[in-house]
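# Secondary and tertiary structure notes
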Amino acid sequence: MDIRAVVFEARSYTPIPLLIAVLVLAEPSAMSFLAGGVTALLGESIRLWSVGYAGSATRTRHVGAPMLITSGPYAYVRNPIYVGNFILSMGLCVMAWAWMPYMLGVFVLAFGIQYAMIVSLEEEHLQVTFGEKYARYHAHVPRFFPCWRRYPHAAGPESDLSAALKSDRRTFQSMTAVILAIVVRWYFS
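Presented here is a report on the structure given in the accompanying data block. Here the structure is a predicted model, which means the values were calculated and not measured.

About the thresholds
- Residues numbered from 1 in each chain as written.
- Predicted model: local features only at pLDDT ≥ 70, side-chain atom pairs only at ≥ 80, totals over all residues.
- Heavy atoms only, no water.
- Helix = DSSP H or I, 4+ residues; strand = E, 2+ residues; numbered from the N terminus.
- Rg over C-alpha atoms; globule rule 2.2 N^0.38 Å.
- Buried < 20%, exposed > 50% of the residue type's maximum accessible area, 1.4 Å probe, protein only.
- Contact = heavy atoms within 4.5 Å.
- Areas by Shrake-Rupley, 256 points an atom, 1.4 Å probe, with all protein chains shown as cover.
- Lys, Arg positive; Asp, Glu negative; His and termini not counted.
- Charge placed at Lys NZ, Arg CZ, Asp CG, Glu CD.
- Patch = residues over 30% accessible without salt bridge, like charges linked within 9 Å, V, L, I, M, F, W, Y side chains within 5 Å.
- Salt bridge = Lys/Arg side-chain N within 4 Å of Asp/Glu carboxyl O.
- Expected span 1.5 Å × (residues − 1).
- Bend = angle between axes of the 7 residues up to and from the residue.

With that settled, consider the overall build of the protein chain. A tally of regular secondary structure across the protein chain gives seven helices and zero strands. Along the protein chain, from the amino end to the carboxyl end, the secondary structure elements read α-α-α-α-α-α-α. Relative to a compact globule of 189 residues, whose C-alpha radius of gyration would be 16 Å, the protein chain shows 17 Å and is just as compact. Structurally, the protein chain occupies a C-alpha span of about 55 × 35 × 30 Å along its principal axes. The burial tally for the protein chain puts 38% of its 189 residues in the buried class. Expressed as a percentage of contacts within the protein chain between residues at least 6 apart in sequence, the contacts between residues at least 24 apart total 83%. Just so you have it, the protein chain exposes about 10700 Å², and 68% of that area is on carbon and sulfur atoms. A distance of 2 Å separates the average location of the 15 positive side-chain charges in the protein chain from that of its 11 negative side-chain charges.

Here you go:
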């Protein structure tokens, strides 16, 4: 059994222990709430932009891709949804201001381990599925840190914001629940 596939399938649930720790240790302030909120909104905006191009195929529990998308945010970074997830989650950590700055180190480490496994599995699948087309894309577009130059062979569907909003409904619900939990924690601390 490939541990990466197990992590991929459980990726929606693996952050829960860290989230619980963040909420238990939360010591939010007006400044942390505002700074974290802006950061979380930036992350969610990147997610929406990305899901607008990739569609609901990003919600699967098994590695796969019906097509190689290299347009929109994918023309600048290979994993824009994961970049958005990272920024969104970091924003929630900052909002809670739990065990800072150490929690950010724990957060970066946990995210790094999880996404290193997930991305390596996805990249193997994409290489097998799309061959030279993916190899060229992989060689020109960075994994996590966006480049400023658009991929010259960008191709894929047009963005569909309404489909992205519908697909990201669970993310909105989770984000709202976490923000409300931070507010409650703030109120009772």
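Turning our attention to unusual backbone geometry. The bulk of non-glycine residues show a negative phi, and the bulk of peptide bonds are trans. A cis geometry characterises the amide bond from Met100 onward to Pro101, with omega recorded as 0 degrees. For Pro101, the position within the fold is in the loop between helix 4 (80-96) and helix 5 (102-140). Although it is not a glycine, Trp97 adopts a positive phi angle of roughly 50 degrees. Its place among the elements puts Trp97 in the loop between helix 4 and helix 5. The class of Trp97 is partly exposed, set by a relative accessible area of 41%. Phi angles above zero are rare outside glycine, and Trp99 is one such case at about 50 degrees. Here Trp99 lies in the loop between helix 4 and helix 5.

Judged by side-chain polarity, Tyr13, Ile16, Ile20, Val24, Leu25, Trp99, Tyr102 and Val106 come together as a nonpolar surface patch covering roughly 810 Å² of accessible area. Secondary structure elements with two or more residues in the nonpolar patch: helix 2 (16-24) and helix 5. Per-element tally for the nonpolar patch: the top contributor is helix 2, with three residues. As for its placement among the helices and strands, Ile16 is situated in helix 2. Using a relative accessible area of 38% as the deciding quantity, one classes Ile16 as partly exposed.

On to helix 5. Taking 1.5 Å per residue, 39 residues should reach 57 Å; helix 5 reaches only 34 Å between its end C-alpha atoms and comes up short. A bend of about 125 degrees at Gly131 is the largest found in helix 5.

Let us look at the pattern of salt bridges. Using the criterion set out here, one finds six salt bridges in the structure. Ionic pairing is found between Arg78 and Glu123, a salt bridge with its closest N-O pair at 2.6 Å. Pair noted here: Arg78 is in the loop between helix 3 (30-54) and helix 4 and Glu123 is in helix 5, with a separation of 45 residues, a long-range link. Under the relative-accessibility criterion, Arg78 is labelled buried at 10%. For Glu123, a relative accessible area of 11% corresponds to the buried category.

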